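# Structural description and commentary
Listed below are the residues making up each chain.
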2 protein chains.
Amino acid sequence: MRAEILAVGTELLMGQIANTNAQYLSQRLAEIGVGVYHHTVVGDNFERAVQALQTAKDRGANVVILTGGLGPTEDDLTREVVASFVGRSLNLSNEIVEYIRSFYTYRGLEMPQNNKQQAMVIEGAEVLHNPRGTAPGMYLEQDGVHYFLLPGPPTEMRPMYEEQVQAILKRVQGAAALVFASRFLRIFGLGESAMEEQIRDIIQNQSNPTVAPYASEGEVKIRLTASAPTEAEAHALILPLETAIRERIGRFIYGIDDESLEVKAGQLLQAAGQTFATAESCTGGLIGKMITDLPGSSAYFNGGVVSYHNEVKQRVLGVEEAVLKAHGAVSAECAVQMADGAKRVLGTDWAVSVTGIAGPGGGSEEKPVGLVYIAVSGPGGTTVNQHQWKHGDRTQIRLRAAKTALYSLIQRLQNER
Amino acid sequence: MRAEILAVGTELLMGQIANTNAQYLSQRLAEIGVGVYHHTVVGDNFERAVQALQTAKDRGANVVILTGGLGPTEDDLTREVVASFVGRSLNLSNEIVEYIRSFYTYRGLEMPQNNKQQAMVIEGAEVLHNPRGTAPGMYLEQDGVHYFLLPGPPTEMRPMYEEQVQAILKRVQGAAALVFASRFLRIFGLGESAMEEQIRDIIQNQSNPTVAPYASEGEVKIRLTASAPTEAEAHALILPLETAIRERIGRFIYGIDDESLEVKAGQLLQAAGQTFATAESCTGGLIGKMITDLPGSSAYFNGGVVSYHNEVKQRVLGVEEAVLKAHGAVSAECAVQMADGAKRVLGTDWAVSVTGIAGPGGGSEEKPVGLVYIAVSGPGGTTVNQHQWKHGDRTQIRLRAAKTALYSLIQRLQNER
């Protein structure tokens, strides 16, 4: 199969949003062995969108995945574009009208009249339901080309792909389908190029499994993907490669697959029957946000204090004025008292604290931007580490600090269990 | 001018990296009035890349910006592709060989032999120097089409665009150059389709300015973009349209351009010389994170309490046990005491609180997932609102709750100043 991903939306051509859908779909399609040959973006323009479909067909695509342009406004042309291109009619689906109406009724609102546009279905198309929004997707086949019309917002598109599109693609692949199995190794504390240097001979010339590193703010993931007639065979191909990689860099591998830092920390806390709390200064609530992104985190997360001002560090966390005077808020001493204070005030077994200078302002010769202290207070005492990130903007420094705090907690939990 | 951005790289089609170059270039080109009509991505494949150039030319592009494929490896084909397409030769530039050699010498290394490939220049092309890497860029014109060959790494491509490409484009535009001006109107509390229904007759058939709505989690932005020979004239075209829109839906417009909810709240607090704090339950620190994403937020944000557990609501914020027993943590009464408590404990003028059920678990018939109470405590007293979001997952409910909390604070600040 030969796929082209066609995004429709003037906002992409204006650079207002990035085409993250193309990246996401490319990753997913690679996993099931569908080759992506082109990405295209066109604006909300009928003629140019039809022309783009013709171009995709002319250059041999037999899977065309369109994203965007399914909304309720006059700009949203994807339904009309595809219907016109394949020469089929658009028909109003009363079932979808009722679904959209119920979407509004639940919210105590009346359905705006123009939302009916979203209930127009291309003749003979399979409707892809969208429980997260009002725009349903569609699937149709004509002249050997498989068309998928998916909504633009990633929060709607991604689950629709996972829950409905992937199954159709596998059905279309039929007997030729290989099963793909992947394993992610999650690494912290080792940069991408240092990692690559250590395992270069292992990954060189690998074609099955393929080995791909992904780096993001201090974290590196290695994806091992193998294809075989059965899932068991695919996994069997991955295992020796994983073992070889672990022999080299195993101490940096903290988790696999979906075990992010916050998931791993939660697993370890739950296994120990312990709780934790946060005391955040420069991260301003980011660690708490990451932890509580996970449903069920209340089993081990009591809460936290965002002590952005020194007054809050003193009043709520009990940091001593003498410490702030002698060492300042960005200091190992303050980080220790913040963590100890959070543990005490929130009544938990563990607490992590972060205090630092995220920039762009606030730095000095002595305490430059990127200087961050992270403390972990636990049953076995309080530890603190100094970090100095020389590169990166405010967002990057804050994210690295939050991730490092979680990683520090994980290390303590693993060492003291 | 009619531009197409053509990225060359199999790693893009595999989804290993996102095509951020296309977004960046689109933003820059929009600023100088160069219309981008298509983005395309092809792999490291000679025939398909040549074909993509032909497609771009066929559909009328007179500016083609290629990114990627200028490296030293055999995969890097962009030079050969363009030379072949325009029918010109590639010649070794000794000057560039020497530059690349010095790049290595400076680092105490010897130049790998394959780096010479990067010194091949298309006959008649202008070389674009690359002080941040070894791959120079190129600019050439043939048959009225302007080709730019830029390196793939954003850290090399972006400065090359800013320092060299933009000046060439402006030179090419010459007297025909139009200036584009944009204004964003930021809307809260009015859905995209309801908004469009109210202003459809205003935006219908608009071509200059163009009007485009964008929706994201409870927020809607309207972009007004006008082009004219001067910036003042472009702005003058926008003004009457903005006025007409404000007459219809002005009460939902809380800010313009970059004034996000957190920016607007910060502006109003600073103007009033007041401070605020947060008390977050189901949002778990998200509001604090959003506020402190902004540098300088310490001028008005003292901090907050993430009171995920009821014990923390009682111990740190002083929520009464009787309130929790009678009404539960997800109640108007608890939200009020949380906000009042945060204001008192953190010593601020204002505090916002959020308590609700973000799901997927934890809901009941009486208190379903999506039920959220938001209170604002301020100099003029404490107000509380109940929200019931029937759709959306945990992430969406949390984000809507955080944005609604900020919007509630903005409304109070605006009404009481």
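Each chain has its residues counted from 1, following the order in which its sequence is written. Chain labels run from A onward and ligand labels from 1 onward, assigned in the order the entries are written. Side-chain atom pairs in this predicted model are given and counted only at pLDDT of 80 or more, local residue features only at pLDDT of at least 70, and totals for whole chains, interfaces and linings cover all residues. In computing side-chain properties, one takes all heavy atoms of the structure into account and sets aside hydrogens as well as water.

### Structural notes on the pattern of salt bridges
All names here are of chain B. Using the following cut-off: Put simply, a salt bridge is a Lys or Arg side-chain nitrogen that is within 4 Å of an Asp or Glu carboxyl oxygen. Elements are defined by DSSP. Helices are runs of H or I of four residues or more, strands are runs of E of two residues or more, and each kind is numbered from the N terminus.
One pass over the full model with this rule turns up 33 salt bridges over all chains. For Glu 219, the salt bridge goes to Arg 186, with nearest N and O atoms at 3.7 Å. In this pair, Glu 219 is assigned in strand 11 (residues 219–228) and Arg 186 in strand 9 (residues 179–188), connecting sequence segments 33 residues apart. Residue Asp 201 pairs with Arg 248 through a salt bridge whose shortest N-O separation is 3.0 Å. With a gap of 47 residues between them, Asp 201 in helix 7 (residues 192–203) and Arg 248 in helix 8 (residues 231–249) connect regions that are remote in the sequence.

### Topic: helix 3 (residues 46–58) of chain A
The cut-off we apply is this: Here a helix's expected span is defined as the number of its residues, less one, multiplied by 1.5 Å. The classification of residues rests on relative accessible area computed with a 1.4 Å probe and restricted to protein chains. Under 20% of the type maximum is buried, over 50% is exposed, and intermediate values are partly exposed. Two residues qualify as a contact provided that any one of their heavy atoms is within 4.5 Å of a heavy atom in the partner residue. Whenever a nitrogen or oxygen atom comes within 3.5 Å of another N or O atom, the pair is scored as a polar contact, on the condition that within protein one atom can donate a hydrogen and the other can accept it, and that pairs from neighbouring residues in sequence are kept only if both atoms are in side chains.
Between its first and last C-alpha, helix 3 of chain A extends 18 Å over 13 residues, near the 18 Å set by a 1.5 Å rise per residue. When we look at burial in helix 3 of chain A, the residues that qualify are A:Ala49, A:Val50, A:Ala52, A:Leu53, A:Thr55 and A:Ala56. Residues of helix 3 of chain A that are buried sit in contact with strand 1 (2–8), strand 2 (35–42), strand 3 (63–67), helix 4 (78–86) and strand 8 (145–150) of chain A together with helix 3 (46–58) of chain B. Where helix 3 of chain A begins, the side chain of A:Asn45 points an oxygen toward the backbone nitrogen of A:Glu47, at a separation of 3.2 Å. Phi turns positive, to about 95°, at A:Gly60, one or two residues after helix 3 of chain A.

### Quick notes on the UniProt feature "domain: MoaB/Mog" (unreviewed entry) in chain A
Heads up, the condition is: UniProt positions are given in the numbering used here, feature names are shortened, and annotations may be inferred rather than shown by experiment.
Cross-referencing UniProt, the feature "domain: MoaB/Mog" (unreviewed entry) maps to residues 4–171 of chain A in the present numbering. Split by type, residues 4–171 of chain A is 41% helix and 23% strand. Its first and last C-alpha atoms lie 18 Å apart.

### Structural notes on helix 2 (residues 20–31) of chain A
All names here are of chain A. For helix 2, which comprises twelve residues, the first-to-last C-alpha distance of 17 Å matches the rise-based estimate of 16 Å (1.5 Å per residue) to within 8%. Among the residues making up helix 2, those that are buried are Asn 21, Ala 22, Gln 23, Tyr 24, Leu 25, Ser 26, Gln 27, Arg 28, Leu 29, Ala 30 and Glu 31. Gly 33 sits one or two positions beyond helix 2 and adopts a positive phi of about 80°.

### Topic: the sheet that holds strand 17 (residues 381–388) of chain A
This is how it is decided: Strands were regarded as paired on the criterion that DSSP finds at least two bridges between them. Between N-to-C directions, angles span 0 to 180 degrees; the directions come from axes that are lines fitted to C-alpha atoms, helices contributing only their stretch in contact.
Taken together, the ten strands give an open sheet; going across it, the order is 17(A)-16(A)-15(A)-13(A)-14(A)-14(B)-13(B)-15(B)-16(B)-17(B), and neighbouring strands pair in mixed fashion. Taken across any chain shown, the strands that pair with only one partner, and hence form the sheet edges, are strand 17 of chain A together with strand 17 (381–388) of chain B. Sheet twist, expressed as the mean angle between neighbouring strand axes with direction ignored, is 15°. Examined bridge by bridge, strand 13 (residues 276–280) of chain B and strand 14 (residues 301–306) of chain B share five bridges and lie parallel to one another. Note on strand 14 of chain B: the bridge partner recorded for B:Ala277 is B:Gly303.

### Things to note about the packing of helix 7 (residues 192–203) of chain A against helix 8 (residues 231–249) of chain A
Residues and elements named next belong to chain A. The following threshold applies: Roughly parallel refers to an angle under 35 degrees, roughly antiparallel to one over 145, roughly perpendicular to one between 65 and 115, and oblique to any angle outside these ranges. For any pair of crossing helices, the crossing counts as left-handed if the nearer helix is rotated counterclockwise from the farther one by less than a right angle, and right-handed if it is rotated clockwise. The nonpolar class holds Ala, Val, Leu, Ile, Met, Phe, Trp, Tyr, Cys and Pro. Asp, Glu, Lys and Arg form the charged class, and all remaining residues, Gly among them, are polar.
Direction vectors running N to C along helix 7 and helix 8 enclose 140°, while the axes themselves pass 10 Å from each other. Accordingly, the angle class assigned to the pair helix 7 and helix 8 is oblique. Pair helix 7 / helix 8 crosses with right-handed handedness. Between helix 7 and helix 8, the residues in contact are Met 195, Gln 198, Ile 199, Asp 201 and Ile 202 and Leu 241, Ala 244, Ile 245, Arg 248 and Ile 249, respectively. Within the contact of helix 7 with helix 8, the residues separate by chemical class into seven nonpolar, one polar and two charged.

### As for the packing of helix 9 (residues 261–272) of chain B against helix 14 (residues 394–415) of chain B
Residues and elements named next belong to chain B. Interaxial distance between helix 9 and helix 14 falls to 9 Å at its minimum, and their mutual angle equals 30°. Here helix 9 is positioned roughly parallel relative to helix 14, judged by the angle of their axes. Our pair here, helix 9 against helix 14, has a crossing hand that is left-handed. Counted together, Leu 261, Glu 262, Lys 264, Ala 265, Leu 268 and Leu 269 of helix 9 and Lys 403, Leu 406, Tyr 407, Leu 409, Ile 410, Leu 413 and Gln 414 of helix 14 form the full contact between these two elements. Classifying every residue of the contact of helix 9 with helix 14 gives nine nonpolar, one polar and three charged.

### A word on the packing of aromatic side chains
Short version of the rule: Geometry of aromatic contacts follows a simple scheme: Phe, Tyr and Trp rings, the Trp one being its six-membered ring, pair when their centres are within 6.5 Å, and the pair is stacked under 30 degrees between planes, edge-to-face over 60, tilted otherwise.
Going through the model one piece at a time under the given rule, you end up with 16 aromatic pairs over all chains. A centroid spacing of 6.3 Å and a plane angle of 70° characterise the contact between B:Tyr254 and B:Tyr407, whose relative ring orientation is edge-to-face. With B:Tyr254 in strand 12 (residues 253–256) and B:Tyr407 in helix 14, this pair connects stretches of sequence that are 153 residues apart. There is no split in this pair, since B:Tyr254 and B:Tyr407 are both buried. Site record: aromatic cluster; members linked through ring pairs are A:Tyr99, A:Phe103 and A:Tyr104.

### Brief notes about the sheet that holds strand 9 of chain B
Residue and element names in this part refer to chain B. Taken in spatial order, the four strands make up an open sheet running 10-11-9-12, and their pairing is antiparallel. Each edge of the open sheet is held by one strand with a lone partner, namely strand 10 (210–216) and strand 12. Each neighbouring strand pair of the sheet contributes to a mean axis angle of 25°, computed without reference to strand direction. Both strand 9 and strand 12 contribute to a ladder of three bridges, which runs antiparallel. Its bridge partner lying in strand 12, Ile 187 is registered against Ile 253. Strands in contact with helix 8 are strand 9, strand 10, strand 11 and strand 12; relative to strand 11, the strand with the most contacts, it is inclined by about 145°.

### Some thoughts on the interface of chain B and chain A
Stated precisely, the cut-off is as follows: By buried area we mean the combined loss of accessible area, with a 1.4 Å probe, across both parts when two parts are placed together.
In this complex, chain B contributes 76 residues to the contact, which on the side of chain A involves 74 residues. With both chains or domains summed, chain B and chain A bury close to 6100 Å², and 52% of this area falls on carbon and sulfur atoms. For the chain B face of the interface with chain A, the top three residues by lost area are B:Leu13, B:His39 and B:His391, together amounting to 10%. Where chain B touches chain A, the interface holds three salt bridges. In this structure, the salt-bridge partner of B:Arg200 is A:Glu74, at a minimum N-O distance of 3.9 Å. At the junction of chain B with chain A, the criterion picks out 43 residue pairs in polar contact (both at pLDDT 80 or more). The greatest single-element share of the side of chain B that touches chain A, amounting to seven residues, is contributed by strand 2 (residues 35–42) of chain B. Sheet topology note: the strand 14 (residues 301–306) of chain A/strand 14 of chain B ladder contains three bridges and is antiparallel.

### Structural notes on the side chain of A:Ser353
Residue and element names in this part refer to chain A. Tracing the sequence through the fold places Ser 353 in strand 15 (residues 350–356). Classification of Ser 353 as buried rests on a relative accessible area of 0%. Sequence-distant contacts of Ser 353, defined by excluding residues within four places in its chain, comprise Ala 279, Ala 335, Met 338, Ala 339, Tyr 373, Ile 374 and Ala 375.

### Things to note about the nonpolar core
As a reminder of what qualifies: Only buried Ala, Val, Leu, Ile, Met, Phe, Trp, Tyr and Cys residues count toward a nonpolar core, and they belong to the same one when joined by side-chain atoms within 4.5 Å.
Of all hydrophobic cores here, the largest spans 67 residues; its most connected members are A:Phe276, A:Val354, A:Leu409, B:Phe276, B:Val354 and B:Leu409. The residues touching B:Phe276, leaving out its near neighbours within four places in the chain, are B:Leu269, B:Ile291, B:Tyr300, B:Phe301, B:Asn302, B:Gly303, B:Thr348, B:Trp350, B:Val352 and B:Leu409. Among the nonpolar cores identified, the runner-up in size contains 34 residues, and A:Ala49, A:Val82, A:Ala83 and A:Met138 belong to it.

### Remarks on the environment of B:Ile5
All names here are of chain B. Structurally, Ile 5 can be placed in strand 1 (residues 2–8). In this structure Ile 5 comes out as buried when scored by relative accessible area, which is 1%. Sequence separation between Ile 5 and His 39 is 34 residues, and the spatial gap between their C-alpha atoms is 4.8 Å. Residues contacting Ile 5, with those up to four places away along its chain left out, are Ala 22, Leu 25, Ser 26, Leu 29, Val 36, His 38, His 39, Thr 40 and Ile 65.

### Looking at the domain arrangement of chain A
Counted only if it meets this: Just so you know, the domain bounds were taken from an automatic or database domain assignment.
Taken as a whole, chain A is organised into domain 1 (2–176), domain 2 (179–256) and domain 3 (261–415). One C-alpha centre belongs to domain 1 of chain A, the other to domain 3 of chain A; they are set 43 Å apart.

### Describing the pairing of strand 13 (residues 276–280) of chain A
Residue and element names in this part refer to chain A. Of all five residues in strand 13, five are buried; the element is thus mostly enclosed. What you see with strand 13 is no split at all: Phe 276, Thr 278 and Glu 280 on one side and Ala 277 and Ala 279 on the other are buried throughout. Examined bridge by bridge, strand 13 and strand 15 share five bridges and lie parallel to one another. Bridging across to strand 15, Phe 276 finds its partner in Trp 350.

### Overview of the pairing of strand 3 of chain A
All names here are of chain A. Among the five residues that make up strand 3, five are buried, leaving the element largely enclosed by the rest of the structure. Two strands pair when backbone bridges link them, and strand 1 and strand 3 are joined in this way by five bridges, in the parallel orientation. Following the sheet pairing, Ile 5 is matched in strand 3 by Ile 65. Looking at chain direction, strand 3 and strand 8 are connected through five bridges and run parallel. When the sheet's bridge partners are listed, Thr 67 is paired in strand 8 with Leu 150.

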